[in-house]
Amino acid sequence: MAKGKNYKNLNFNCKEDYLYAANILIVRTYTNLKRYKRYRDELGKVLERIIESNTSYIDMDEYEEWEDKQKNVSHNLLTCFVDETSTGFSYVMLRKYLSRSEYGKLIKPLDEELEKHLKELRDVRNWTFHFAQSDFVAIKEVAYHGISEELKEYISFRANPIVISTPKLVNAAYMESLYLHLDNRIKIFDKLFDSLIRDYQDLLGESIQIAETLESPLEYGGKGFMTAQLSMAMQKKKYDGTPESFEVATSLKKKIP
């Protein structure tokens, strides 16, 4: 490989380059969507037990574990579909790049429903991937409007001590709400994934199948580890395509405490 090549971004010079990027995107989306559905189904069983036992409140730790699972995979899927950062790649960017190329005529325009879903998911990603200033303002407003009118003029900001309020229980309706959120998101993600598959087939010019295979156990230092380390080296421009830089970027040396 020639030195000076840009390894930080994808290079699109022919149809195969688009197919390769779309292929990797399909794999990443498929695996995360599969996990998302598994969490939805498992949470559904938990919710059934809550309803059967007529439980009004559940432990906050249990709810937070499910919320963390949902958020982690949801963020991965949002990245797959609507990430538009300069060094990121997503379904939105795939279609954008294709539309500017000679292969854009091979894929069909998105219908109004899918465009609406993508716009909504962009807003969700932008709102959830950072600590929005509106959160700060909303917290203050909720607190203010919870105070009786006759006491509002006497309330002032207390800088010390810093109070961290941690509820130990959560209303069972929160768990049901989380399940419904997962279920509704899956319906949207499924439609967008089907659209991604259709675009891939149109670009390839034939129908495709998705074949799952069983691999050997995931090992520390294996291909997944090497890929992550190499990608980070590319981000930092510490990889130039030479065997020497590959060895430095992917070696386990100096990475084990």
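Cut-offs and rules
Residues numbered from 1 in each chain as written. Predicted model: local features only at pLDDT ≥ 70, side-chain atom pairs only at ≥ 80, totals over all residues. Heavy atoms only, no water. Helix = DSSP H or I, 4+ residues; strand = E, 2+ residues; numbered from the N terminus. Rg over C-alpha atoms; globule rule 2.2 N^0.38 Å. Buried < 20%, exposed > 50% of the residue type's maximum accessible area, 1.4 Å probe, protein only. Contact = heavy atoms within 4.5 Å. Areas by Shrake-Rupley, 256 points an atom, 1.4 Å probe, with all protein chains shown as cover. Phe/Tyr/Trp six-rings, centres within 6.5 Å; stacked < 30°, edge-to-face > 60°. Patch = residues over 30% accessible without salt bridge, like charges linked within 9 Å, V, L, I, M, F, W, Y side chains within 5 Å. Salt bridge = Lys/Arg side-chain N within 4 Å of Asp/Glu carboxyl O. Lys, Arg positive; Asp, Glu negative; His and termini not counted. Charge placed at Lys NZ, Arg CZ, Asp CG, Glu CD. Expected span 1.5 Å × (residues − 1). Arc of directions from axis to C-beta.

A. A look at the overall build of the protein chain. Counting secondary structure elements, the protein chain contains 8 helices and 2 strands. N-terminal to C-terminal, the α/β element order of the protein chain is α-β-α-α-α-α-β-α-α-α. For the protein chain, whose C-alpha radius of gyration is 23 Å, the value lies well above the compact-globule estimate of 18 Å for 257 residues. If you line up the protein chain on its principal axes, its C-alpha atoms span 70 × 45 × 40 Å. Within the span of the protein chain, comprising 257 residues, buried residues form 32% of the whole. Taking all contacts inside the protein chain whose residues are at least 6 apart in sequence as the whole, residues at least 24 apart take part in 76%. As displayed, the protein chain offers around 18000 Å² of accessible surface, 54% of which is attributable to carbon and sulfur atoms.

B. View of the environment of glutamate 64. The residue glutamate 64 is located in helix H2 (residues 60-82) in this model. Remark: the alpha-carbon pair of glutamate 64 and tyrosine 144, spanning 80 residues in sequence, is separated by 27 Å.

C. Spotlight on the packing of aromatic side chains. Counted under the stated rule, the structure contains 10 aromatic pairs. On the numbers, 4.6 Å between centres and 35° between planes, the contact of phenylalanine 131 with phenylalanine 136 is tilted. Taking relative accessible area as the criterion, phenylalanine 131 reaches 60% and is therefore assigned exposed.

D. Fine view of a negative patch on the surface. Judged by side-chain charge, Asp59, Asp61, Glu62, Glu64, Glu65 and Asp68 come together as a negatively charged surface patch. Ranked by residues supplied to the negative patch, first place goes to H2 with 5 residues. Relative to the assigned elements, aspartate 61 resides in helix H2.

E. Structural detail: the pattern of salt bridges. Counted by the stated rule, this structure contains 15 salt bridges. With a shortest N-O distance of 2.6 Å, lysine 191 and glutamate 113 are connected by a salt bridge. One end of the pair, lysine 191, is in helix H6 (residues 172-204); the other, glutamate 113, is in helix H4 (residues 112-128), and 78 residues separate them in sequence. A relative accessible area of 37% means that glutamate 113 is categorised as partly exposed. Salt-bridge contacts for glutamate 120 lead to arginine 185; the nearest nitrogen and oxygen are separated by 3.4 Å. With a gap of 65 residues between them, glutamate 120 in helix H4 and arginine 185 in helix H6 connect regions that are remote in the sequence. Overall, glutamate 120 belongs to the partly exposed group, its relative accessible area being 34%. Sharing partners across several salt bridges, the network here consists of Arg40, Asp41, Asp183 and Lys187.

F. Main features of H4. Over its 17 residues, H4 runs 24 Å from end to end, which matches the ideal 24 Å to within 8%, given 1.5 Å per residue. Residues of H4 that are buried include every one of Leu114, His117, Leu118, Leu121, Val124 and Arg125, and no others. Down the axis of H4, the smallest arc covering the buried residues is 120°, so these residues share one side. Seen from the buried face of H4, the exposed residues on the opposite side, beyond 90 degrees, are Glu112, Lys116 and Trp127. Those residues of H4 that are buried lie in contact with H2, helix H3 (91-99) and H6.

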